[in-house]
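# Working through the structure, step by step
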Amino acid sequence: CLGLIVGCLLFLIPTNFWEKLGTLTALIAIGLLALVYIPGIGLEANGATRWIDIGPLPTIQVIDPARFFLIIYITGYCYRQQEALKTDFVSFLKPMIFIVPSCALLVFQPDLGSTVVLMSVIVGLFFIAGFKIRYFLILIVLLTAVFSALVYFLPQFSHALTRITSFIDPWADPGRTGYQLVNSLIAIGSGEWFGVGLGESVQKLGYLPEAHTDFIFAVIAEELGLIGVVLVIGIYALMIWRIFSISLHAMKHNRVFQGYFAFSVGIWITAQVVINIGVNMGVLPTKGLILPLISYGSNAMTMTLITLFIVLKIGCENPVIKTNRRI
């Protein structure tokens, strides 16, 4: 309800308003991500400090609003520097003043999954803005080297290496490191073609951890079967296709900022859906990412709806080409 109400209110605001905020959005994002490290405000759960608790306000997972503001910032930057990005490497380094601290704050929460999604959005947006391929290769090599060093040298990131090894062979230790994936695969396999019935899942009754968030796709597969899974994936594919269509239509009519924003949202939702489903099916290591618009979580649901309302506004603002259909 909150997401729908706030989304409807923001729908009334012209989308060029967001571009005018400039670096303010990046500063807000960094401020939100830094709040979790303040004693008495940051909350720890399951070994991660990703939430804040401020007085009478509800508990907030900071990555959800922070990601929204960072997308607005990097979208606006690519719009303002679209010509320089095609020729000047320095123009790529300037936004790193805000992006690197944001990713560092995320990594040390730790929240590697959200960091991967955020970097996917940034890399994809720079690519569509015309940044040179060789610089992307350098960026990917540097990111891989930094991530490998963190996992290898810092003990607080040893869990990432454990997740990777357990993902490769979850049956080697099904009672501990492979417990989540093993139970997820059992749930998916139990669904067969038509599922065991809506609400009849056995794995969600204490066997499958985080069945309402990270592994809700496995529960869907168990209750609705392959037919239900294909339907859910089809709905996501339709939504993502429409988002990219709105983006391309906006850029075609020289509404570059709006096109970049919708494109960023499309990459974000695509990456999160693919990673969540891949984790549930054992194709990717566990990342701790939810399934957009389905998994439990008020913060994620609210911010996702708000973001989609802005994309909808972009679609409504796009010029409509009238064609003369004479028979």
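This section reports on the structure supplied with the text. (Residues numbered from 1 in each chain as written. Predicted model: local features only at pLDDT ≥ 70, side-chain atom pairs only at ≥ 80, totals over all residues. Heavy atoms only, no water.)

### Observations concerning the overall build of the protein
Using the following cut-off: Labels follow the DSSP assignment, with helices taken as runs of H or I lasting at least four residues and strands as runs of E lasting at least two, numbered in each case from the N terminus. Any pair of residues with heavy atoms lying within 4.5 Å of one another is described as a contacting pair.
Helix and strand counts for the protein come out as 13 helices and three strands. Sequence-distant contacts in the protein: of pairs separated by 6 or more residues, those separated by 24 or more amount to 69%.

### Focus: the packing of aromatic side chains
Which entries qualify depends on this criterion: Only centres within 6.5 Å qualify two rings of Phe, Tyr or Trp (six-membered ring in Trp) as a pair; their planes then separate them into stacked at under 30 degrees, edge-to-face at over 60, and tilted for everything else. The buried label applies to any residue whose accessible area, calculated with a 1.4 Å probe on protein chains only, is under 20% of its type's maximum; exposed applies above 50%, and partly exposed to all values in between. In this analysis the charged atom, NZ for Lys or CZ for Arg, is taken to sit over a ring once it is within 6 Å of the ring centre and within 35 degrees of the ring normal.
This model, assessed by the stated rule, comprises seven aromatic pairs. Ring geometry for Trp18 against Phe68: centres 5.8 Å apart, planes inclined by 85 degrees, an arrangement best described as edge-to-face. Remark: Phe68 occurs in helix H4 (residues 63–80) and Trp18 occurs in helix H2 (residues 16–19); sequence separation between them is 50 residues. By the burial criterion, Trp18 is buried, and Phe68 matches it. Pairing Tyr73 with Phe98 gives two aromatic rings, centres 5.2 Å apart and planes at 70 degrees, and the pair type is edge-to-face. In this pair, Tyr73 sits in helix H4 while Phe98 sits in helix H6 (residues 96–107), placing the two residues 25 residues apart along the sequence. Taken as a pair, Tyr73 and Phe98 share a single burial class, namely buried. Clustering of aromatic rings is evident, with ring pairs tying together Phe17, Trp18, Phe68 and Phe69. Directly above the ring of Trp241 sits Arg242, whose terminal nitrogen or CZ lies 5.5 Å from the centroid. The cationic tip of Lys313 hangs over the ring face of Phe11; the distance from NZ or CZ to the ring centre is 5.0 Å.

### Re the packing of H4 against helix H7 (residues 112–128)
To keep it simple, the criterion reads: Whenever a helix is involved, its axis is fitted only over the stretch in contact; in every case the axis is a line through C-alpha atoms, and angles between N-to-C directions fall within 0 to 180 degrees. Roughly parallel refers to an angle under 35 degrees, roughly antiparallel to one over 145, roughly perpendicular to one between 65 and 115, and oblique to any angle outside these ranges. Crossing handedness is read from the near helix: turned anticlockwise from the far helix by less than a right angle, it gives a left-handed crossing, and turned clockwise, a right-handed one. Amino acids are sorted into nonpolar (Ala, Val, Leu, Ile, Met, Phe, Trp, Tyr, Cys and Pro), charged (Asp, Glu, Lys and Arg) and polar (every other residue, Gly among them).
It is the contact of H4 with H7, at a shortest axis distance of 11 Å, that shows an interaxial angle of 15 degrees. If you check the angle between H4 and H7, you find them roughly parallel. At the point where H4 passes H7, the crossing takes the right-handed sense. Together, Ile63, Leu70, Ile71, Ile74, Thr75 and Cys78 of H4 and Ser114, Leu118, Val121, Leu125 and Phe126 of H7 make up the contact between the two elements. Tallied by class, the residues present in the contact of H4 with H7 amount to nine nonpolar, two polar and no charged.

### Concerning the layout of surface pockets
Heads up, the rule is: Points on a 1 Å grid over protein atoms alone make up a cavity when a 1.4 Å probe fits among them but cannot get out, and a pocket when they form an open set with protein on both sides within 12 Å along at least five of seven lines; lining residues each have an atom within 4 Å of a point. Grid points are joined across faces, edges and corners, and a volume is the space filled by probe spheres set on the points.
Considering only enclosed or pocket space, the second largest pocket measures out at about 260 Å³ in volume. Forming the boundary of the second largest pocket are 13 residues, of which Leu2, Pro58, Ile60, Asn299 and Thr302 lie nearest the centre. Going through the elements one at a time, helix H1 (2–11), H4 and helix H13 (298–317) are the ones with two or more residues in the lining of the second largest pocket. Here the lining of the second largest pocket takes four residues from H13, the largest share from any one element.

### Digging into the side chain of Glu223
Stated precisely, the cut-off is as follows: Counting of polar contacts relies on pairs of N or O atoms within 3.5 Å, with two restrictions inside protein: one atom must be capable of donating a hydrogen and the other of accepting it, and residues adjacent in sequence are counted only when both atoms are side-chain atoms.
In this structure, Glu223 sits in helix H11 (residues 216–252). From its side chain, Glu223 meets the backbone nitrogen of Ser201 in a polar contact 3.3 Å long.

### Description of the packing of H1 against H13
Taken N-terminus to C-terminus, the directions of H1 and H13 make an angle of 30 degrees; their axes are 8 Å apart at the nearest point. As summarised for this structure, H1 and H13 are arranged roughly parallel, according to the angle between their axes. The handedness of the crossing between H1 and H13 comes out as right-handed. Together, Leu2, Gly3, Leu4, Val6, Gly7, Cys8, Leu10 and Phe11 of H1 and Thr302, Leu305, Ile306, Phe309, Leu312, Lys313 and Cys316 of H13 make up the contact between the two elements. When its residues are assigned to classes, the contact of H1 with H13 shows eleven nonpolar, three polar and one charged.

### Examining unusual backbone geometry
Negative phi characterises most residues that are not glycine, and trans characterises most peptide bonds. Positive phi, normally seen in glycine, also occurs at Glu192, with a value near 50 degrees. Examined against the element boundaries, Glu192 turns out to sit in the loop between helix H10 (179–191) and H11. With a relative accessible area of 60%, Glu192 lands in the exposed category. A positive phi is found at Asn254, a non-glycine position, where the angle reads about 65 degrees. Its location among the elements puts Asn254 in the loop between H11 and helix H12 (256–280). The class for Asn254 is exposed, based on a relative accessible area of 64%.

### Regarding the pattern of salt bridges
Put simply, the rule reads: For this analysis, a salt bridge means a side-chain nitrogen from Lys or Arg found within 4 Å of a carboxyl oxygen belonging to Asp or Glu.
A full pass over the atoms with the stated rule returns four salt bridges. Glu19 is the partner of Arg80 in a salt bridge, and the nearest nitrogen-oxygen pair spans 3.2 Å. A residue pair is termed long-range when its members are at least 10 positions apart, and Arg80 in helix H4 and Glu19 in helix H2 qualify at 61 residues. Assessed through its relative accessible area of 38%, Arg80 is described here as partly exposed. A salt bridge links Arg255 to Glu317; its shortest N-O distance comes to 2.5 Å. Highlighted residues: Arg255 in the loop between H11 and H12 and Glu317 in helix H13, separated in sequence by 62 residues. Owing to a relative accessible area of 15%, Arg255 belongs among the buried residues under this scheme.

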